Amino acid sequence: MVRPSDSQPKLPIDQLIIDEALSEESLEVDVLFVGGGPAGLAGAIELARLVKADNKSSGGIGEITIGVLEKAAALGEHCLSGAVVDPSAFRNLFPDLSDNDFPFRQPVKKEAVYVLTGTRSIRIPTPAPMHNEGNYVASLCEIVRWLGKKAEDLGVDIFAGYPAEKLLVKGDRVIGVRTAPTGLDREGNEMSGYVPGTDIVAKITALAEGSRGTLAQAYQEWQHIGAQNPQIYALGVKEIWETKTPLDTVIHTLGWPLPNDAFGGSFMYPLESNVVSIGLVVGLDYRQTGLDVHTLFQNMKLHPLFRHYLEGGEMVEWGAKTIPEGGFYSVPDRRYGHGIVLLGDSAGFLDVPSLKGIHYAMQSGIFAARAIFDALKKGESAAPYLAAYDELVNDSYILDDLYRTRNMRLAFKSGFFWGGAKATLMTLSGGRLFGKRIRVKPDADVPKRADRPKPFTPDGKLTFSKVDAVFKSGNATRDTVPSHLIVNESVGEEVARMYASMCPAGVYEVVDGQLRVNAPNCVDCKATDVLGPRWTPREGGSGPVYKRM
């Protein structure tokens with residue numbers, strides 16, 4: 001048996017949170033949103049609107065500078081989701097627009113759920129939480145680019161290509177971030193064109209880093225902010241295909257190709273009549289070291305259900321990311337502090353049974369903006385003046401929804417069949433049956449049986465190697481960039497093999513029984529941070545360049 005946490009390095013809090021003199025070239029803003037995803041951009045838009053309305057009514061708040069910091073070279077390039085979107089947060093943020101004005105591809109017209117065996121697909125009634133009537137198929141990349149334009153039109157400053165590497169503090173108050181430097185060689189030496197990190201000072205910093213946010217993790221550990229359960233994660237691998245056979249149905253599946261003791265499922269959505277997004281999501285609490293989500297996904301596409309649509313088409317884009325799956329009991333006890341709030345996936349606002357998180361992320365940004373605005377009006381940024389953010393979230397549909405489905409994902413710790421039975425009863429009872437908290441361990445503490453991955457040979461038509469997949473992600477990382485991964489070099493061969501299987505981008509290899517790390521391959525999915533080497537921010541613009549994910 002292998003327990004991943006035995007070999008996992010600690011999060012380097014002393015390097016991620018620093019209390020020291022600011023650089024002479026520091027930049028000042030009033031409010032900084034760290035992360036240019038749906039949470040950060042929705043928050044920036046709502047705050048800019050509130051400031052504008054207040055000044056128009058002579059409310060007296062005056063000019064407020066709002067910045068959004070994004071690690072990708074351009075907005076949307078690191079964003080990935082299924083995605084079927086609940087439009088409610090869009091309607092709240094843009095009450096003067098109609099659904100037709102939003103950056104959605106098409107409404108959900110038909111949907112189907114199947115249980116798969118190796119050769120068959122058995123259609124089952126769509127579980128209540130998965131009904132998508134009134135929702136829309138969309139590309140998260142396109143959503144984010146659209147939101148970014150709305151934010152810029154309101155005067156929000158967007159700084160793309162600037163990863164937040166460190167959290168700046170004074171005592172227990174957050175005062176901003178320091179960005180990652182650029183122009184270092186593999187050994188960390190300065191090259192021609194070297195630019196040091198920039199200190200960006202803010203009265204209030206909103207961390208909207210997405211799943212497994214490094215600074216959000218560091219802040220919670222530093223401030224001893226817990227939750228009733230630890231956060232648990234899944235890894236999703238996704239592709240965009242241009243097809244010859246049209247698809248008009250939102251499809252979800254359970255069962256094969258996953259083993260019975262692993263949680264997850266697949267999806268296939270129509271972006272256009274001849275463009276589909278397809279993916280596989282697997283909980284990282286799986287029980288075998290040799291389980292390889294990328295390989296499972298490649299083999300899954302050979303199933304008749306998917307092959308019918310994909311054969312003769314072309315895979316044009318590939319990507320991967322982690323998903324916070326802990327639900328209600330894994331939401332941090334406190335999502336605010338002196339000069340700081342935590343938003344979206346960084347706070348665990350995602351509902352696994354309904355497969356939804358984008359509207360929760362946006363709504364959390366809206367609530368954060370309202371609390372921040374009220375604090376700024378009072379000339380304050382201390383924790384008591386930001387506590388209203390938690391109150392707004394707690395009294396909203398965000399936690400109502402997560403509470404109703406609080407144990408449905410956790411029930412599958414008992415295995416696929418028993419977990420499915422319990423989840424069904426929870427749905428029928430509105431969450432009352434089996435309502436007592438199911439305790440879980442962090443994913444890295446779940447033991448895995450040592451085994452070997454099954455042989456896999458891609459055909460280059462329907463199935464692809466990890467190297468080919470990373471190429472399709474548009475990976476823009478230069479080969480000479482310093483490694484951003486904190487690795488325990490002395491791990492044994494079984495742990496090294498687990499890393500090689502776990503990572504969908506081929507970052508880890510086993511050569512002569514030893515671990516080899518190909519850091520430039522990384523697409524920032526953060527799976528490594530959950531089970532193995534720790535991920536830290538790297539040079540701006542590194543990583544994938546997603547277009548329609």
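Note: the structure precedes this text.
Procedures and definitions
- Residues numbered from 1 in each chain as written.
- Predicted model: local features only at pLDDT ≥ 70, side-chain atom pairs only at ≥ 80, totals over all residues.
- Heavy atoms only, no water.
- Helix = DSSP H or I, 4+ residues; strand = E, 2+ residues; numbered from the N terminus.
- Rg over C-alpha atoms; globule rule 2.2 N^0.38 Å.
- Buried < 20%, exposed > 50% of the residue type's maximum accessible area, 1.4 Å probe, protein only.
- Contact = heavy atoms within 4.5 Å.
- Axes fitted to C-alpha atoms, helices over the stretch in contact; angles between N-to-C directions.
- Parallel < 35°, antiparallel > 145°, perpendicular 65-115°, else oblique.
- Left-handed = near helix turned anticlockwise from the far one by under 90°.
- Nonpolar A, V, L, I, M, F, W, Y, C, P; charged D, E, K, R; others polar.
- Salt bridge = Lys/Arg side-chain N within 4 Å of Asp/Glu carboxyl O.
- Disulfide = S-S within 2.5 Å.

Visitor: Would you mind going over the overall build of the protein with me for this structure?
Guide: Per the secondary structure count, the protein includes 14 helices and 25 strands. Against the compact-globule benchmark of 24 Å for 549 residues, the protein has a radius of gyration of 22 Å, which places it among compact chains. In terms of principal-axis extent, the alpha carbons of the protein reach across some 65 × 50 × 45 Å. Looking at the protein as a whole, 61% of its 549 residues are labelled buried. Long-range pairs, those at least 24 residues apart, make up 79% of the contacts in the protein with a sequence separation of at least 6.

Visitor: Please explain the packing of helix α8 (residues 358–377) against helix α9 (residues 383–394) as it appears in this structure.
Guide: The geometry of a pair of packed helices is captured by two quantities: the angle between their axes and the separation between those axes. Running from N to C, α8 and α9 cross one another at 150°; their axes reach a closest spacing of 8 Å. Viewed along their axes, α8 and α9 adopt a mutual orientation that is roughly antiparallel. Seen from above, α8 lies across α9 with right-handed handedness. Packed against α8, whose contacting residues are S364, F367, A368, R370, A371, I372 and A375, the element α9 presents Y385, L386, A388, Y389, L392 and V393 at the interface. By residue class, the composition of the contact of α8 with α9 is 11 nonpolar, 1 polar and 1 charged.

Visitor: Sorry, what's going on with the pattern of salt bridges here?
Guide: Side chains that carry opposite charge are capable of pairing whenever their charged atoms lie near each other. This model, assessed by the stated rule, comprises 30 salt bridges. K149 is the partner of D153 in a salt bridge, and the nearest nitrogen-oxygen pair spans 3.0 Å. Residue D153 and its partner K149 are located together in helix α4 (residues 140–153), separated by 4 residues, close to a single helical turn. The exposure class assigned to D153 is exposed, which follows from its relative accessible area of 52%.

Visitor: Please explain the state of the cysteines as it appears in this structure.
Guide: Evaluated as defined, the whole model comprises 0 disulfides. Between C522, a free cysteine, and C525, which holds the nearest cysteine sulfur, the sulfur-to-sulfur gap is 6.4 Å. A relative accessible area of 6% means that C522 is categorised as buried. Summary of cysteine pairing: C525 is not part of a disulfide, and the nearest cysteine sulfur, belonging to C503, is at 5.9 Å.

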